[in-house]
Amino acid sequence: MAAELHVALVAADREVWSGQATLVVARTTSGDIGVMPGHQPLLGVLESGPVTIRTSEGGTVIAAVHGGFISFADDKLSLLAEIAELSDEIDVQRAERALERAQSDDDASAERRAEVRLRAATAR
């Protein structure tokens, strides 16, 4: 069994992060899933939520992901997201304002996106 897996987190408009990791945790329509080297092949639908990547160097990468797909085979994990942002790219004050706006507009979808962005940004 390999000691690491190759991860590619790709959004519709760019590659967000790529590298070697020991663990990736993501939210799917079936619930949260953790993928480690040697995991069984999988294909799933991503839900909006934070994705946590434990890098091979011992660091942690957190991203806010909004929809997409997850695929794993041969120790290669692909996260193909509609929208994805690394936690350090997220402006917390802007996300808080977006959450307030979504709550006052009673927009559940926008509220969920803002909550995911805030969770990812504050988990740094």
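Residues numbered from 1 in each chain as written. Predicted model: local features only at pLDDT ≥ 70, side-chain atom pairs only at ≥ 80, totals over all residues. Heavy atoms only, no water.

Enquirer: Give me the lowdown on the overall build of the protein, citing residues and values where you can.
Expert: Counting its secondary structure elements, the protein contains two helices and seven strands. Ordered by position from N to C terminus, the α and β elements of the protein give β-β-β-β-β-β-β-α-α. Relative to the compact-globule value of 14 Å for 124 residues, the protein shows a C-alpha radius of gyration of 15 Å, a close match. Out of the 124 residues in the protein, the part that is buried amounts to 42%. By sequence separation, contacts in the protein at least 24 residues apart represent 53% of the contacts at least 6 residues apart. Summed over all atoms, the accessible surface of the protein reaches about 6,800 Å², with 48% contributed by carbon and sulfur. (Helix = DSSP H or I, 4+ residues; strand = E, 2+ residues; numbered from the N terminus. Rg over C-alpha atoms; globule rule 2.2 N^0.38 Å. Buried < 20%, exposed > 50% of the residue type's maximum accessible area, 1.4 Å probe, protein only. Contact = heavy atoms within 4.5 Å. Areas by Shrake-Rupley, 256 points an atom, 1.4 Å probe, with all protein chains shown as cover.)

Enquirer: Which residues make up the layout of surface pockets, and what values do they have?
Expert: Here the largest pocket defines a volume of roughly 150 Å³. In terms of lining residues, the largest pocket is bounded by Arg94, Ala98, Arg101, Ala110, Arg113, Ala114 and Arg117. Here the lining of the largest pocket takes four residues from helix H2 (residues 108-122), the largest share from any one element. Here the lining of the largest pocket is built from residues that sort into three nonpolar, no polar and four charged. (1 Å grid on protein atoms, 1.4 Å probe; cavity = no way out; pocket = protein on both sides within 12 Å on 5 of 7 lines; lining within 4 Å. Points joined across faces, edges and corners; volume = space filled by probe spheres on them. Nonpolar A, V, L, I, M, F, W, Y, C, P; charged D, E, K, R; others polar.)

Enquirer: For the UniProt feature "domain: ATP synthase F1 complex delta/epsilon subunit N-terminal" (unreviewed entry) in the protein, give the residues involved together with the corresponding values.
Expert: The UniProt feature table records "domain: ATP synthase F1 complex delta/epsilon subunit N-terminal" (unreviewed entry) at residues 5-83. The span residues 5-83 shows a helical share of 0% and a strand share of 77%, and its end C-alpha atoms are spaced 23 Å apart. (UniProt positions renumbered as here; feature names shortened; annotations may be inferred.)

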